[in-house]
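Structural overview
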Amino acid sequence: MAKNKKRSSKNLKVTTRIVITAVLAIIIPLIIIASFSTVLVSMVGSFFNISTVTTNSYSTVNQIQWSQALSTITGELTSDKNDAQKLDELNELVEQLESINSLIYIEKNSKLFYSTDNSVTVLDSANSVVAIDKDRNVNYFGQNGLVIVNHANSENDSYLVVIVNPDYTVNDASQKITPKEFTNLLLSRTGIVVLVIVLLFVISIVVISFITSQTILIPIKKIADGADEIARGNLDYEISYNSTNELGQTVESFNTMRKKLKGSIERQNQAEEQRKELIAGIAHDVRTPLTSAKGYAEGLRDGIANTPEKQKRYIDTILSSINDTEKILNDLLTISRLELKSYKLNKVDVSMKAFFDDGIEEIKGKLNYFGFDFEFSCNCSDNAVVSLDTDAVERVISNIIGNSLKYARDDVKGRIRLNITEYEKSIIVEISDNGIGVDKKSLPKIFDAMYRADPARTKTSEGSGLGLSICKQIVELHNGLIWARSDAGEGLTIFISLPKKEITE
């Protein structure tokens, strides 16, 4: 159970941790302030001596006293108490004010509610100090007296409060000194309380932040250590941190990145090996016909071919070797252009039935020359149209058939079958032979450049090893697919799928 609890705490998201920290940082000071608030409220009057008016001489403290006294009176008037209760409370509230010769006049809904003396006397006294308008609030502190006119409203009633003190005086010298004195008083009385609150606030934030930071910094350090290991080339180093939060996801992504980096480097190394094999293979394939041409040319030079018939045979062999070399170089140039995306197709809309009907005799003649049987069937309508580069597709068909000729079995009469089938969205071209076939391990690689299933490369003089790779890339440029099916010793079948072009009426 304890292990599960630890794991669930470990899975807290970073955002959740930060939110908890922020919430606690707010709640803790609020709890502290709330615990002191009752004491502060009860003590504020006596601390600062502003709960009631104590003097008729103007100062900053005295002005706050009057403001506090007025606020207390209006608060009582707008309370939910009945009128009798309000009057009882008012008598207590105004007692201190009236003791320093202040006159209080209160109206409720424009009717007299309370008056220290005759209401007319109070209002006349106020006007004798300063002209007042009962509809406007007034706060007058003058050498000849004090007048305050204020309005208060409850849900159902409106009140007018008029306070007059004709004995009020303003001392100019005291005005300059009292603000500073009041500030010093305020700071000296509250400094300790504020300091305690600030210290507790800082301590709580530091503790909470430390705990939260540790839960974040530990996995970050693990990630940093993992990055250092990878920088040193250790791609087998795996960060151990099991969590479902953001840091756990980051660690998981980091481990995934490490695996992909390792795989990428391995593929890069493999590609480098393949590149070396490609160069070695091309060098081997080019050397074979060149060596043959060189040998027969030396035979002509040395007079070994001493009859016209022998000389013709030597020259024909040299030309054949040159042609083989030229074909290898052409295939190499084509594959290079395909890989560099500079091979451009010249597409036209062609009926597949018409396309193969035009070229089938040439294919048949070539196969007859090599003693191969040939079967052809076309299950396409005249409207089976494909957008293709005819020269490029002819090269694909020629390369596949050439591959079948090259890998025929010596003890079996060669046979090639070409079948064209129309489907709803595509045309499938199927070319099969009865040659030596390809084993299942080698089958996925036959479309790679320079790959041959026969490691001895016994028939390198008959092709560049690039033919099927060229076929694959040309078919894919037509948005088609090419794949193969074979068993060793049972021939090879290659399928080409080309998308049909939709005919709009």
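Each value, and the rule that gives it
Residues numbered from 1 in each chain as written. Predicted model: local features only at pLDDT ≥ 70, side-chain atom pairs only at ≥ 80, totals over all residues. Heavy atoms only, no water. Helix = DSSP H or I, 4+ residues; strand = E, 2+ residues; numbered from the N terminus. Buried < 20%, exposed > 50% of the residue type's maximum accessible area, 1.4 Å probe, protein only. Contact = heavy atoms within 4.5 Å. Areas by Shrake-Rupley, 256 points an atom, 1.4 Å probe, with all protein chains shown as cover. Pairing = 2+ DSSP bridges. Phe/Tyr/Trp six-rings, centres within 6.5 Å; stacked < 30°, edge-to-face > 60°. Salt bridge = Lys/Arg side-chain N within 4 Å of Asp/Glu carboxyl O.

Here we come to the overall build of the protein chain. Across its full length, the protein chain holds 11 helices and 12 strands. Taking all 505 residues of the protein chain together, 37% fall into the buried category. Pairs at least 24 residues apart make up 64% of the contacts formed inside the protein chain by residues separated by at least 6 positions. For the protein chain, the accessible surface area stands at approximately 29,800 Å², while carbon and sulfur atoms represent 55% of it.

Here we come to the pairing of strand E4 (residues 145-153). In terms of residue burial, E4 counts as a mostly covered element, since seven of its nine residues are buried. With antiparallel pairing between neighbouring strands as the criterion, strand E3 (residues 138-142) and E4 make up a hairpin whose turn holds two residues. Of the strand pairs in this sheet, E4 and strand E5 (residues 158-165) are connected by eight bridges, and their pairing is antiparallel. The residue of E5 that forms the bridge with Val149 is Val162. Counting the residues that bridge the hairpin from E4 to E5 gives four residues.

In this structure the tally under the stated criterion is seven aromatic pairs. Judged by centre distance (5.2 Å) and plane angle (85°), the rings of Phe355 and Phe356 are edge-to-face. Residue classification places Phe355 among the buried positions, given a relative accessible area of 11%. Judged by its relative accessible area of 3%, Phe356 falls in the buried class.

If charged atoms from side chains of opposite charge come close, those side chains can pair. Within this structure, the stated rule accounts for 18 salt bridges. For the salt bridge of Lys108 with Asp83, the shortest nitrogen-to-oxygen distance reads 2.8 Å. Taken together, the positions of Lys108 in strand E1 (residues 103-108) and Asp83 in helix H4 (residues 83-99) put the pair 25 residues apart, joining distant regions of the chain. Residue Asp83 is classed as partly exposed on the basis of its relative accessible area, which comes to 33%. A salt bridge links Asp349 to Lys501; the nearest nitrogen and oxygen atoms lie 3.9 Å apart. Residue Asp349 is found in strand E6 (residues 348-351), and its partner Lys501 is found in the segment after strand E12 (492-499); the two are separated by 152 residues along the sequence. Judged by relative accessible area, which is 48%, Asp349 ranks as partly exposed. Here the salt bridges share partners, and the residues they tie into one network are Glu76, Lys81 and Glu89.

By themselves, these are just geometric observations and shouldn't be taken as functional.
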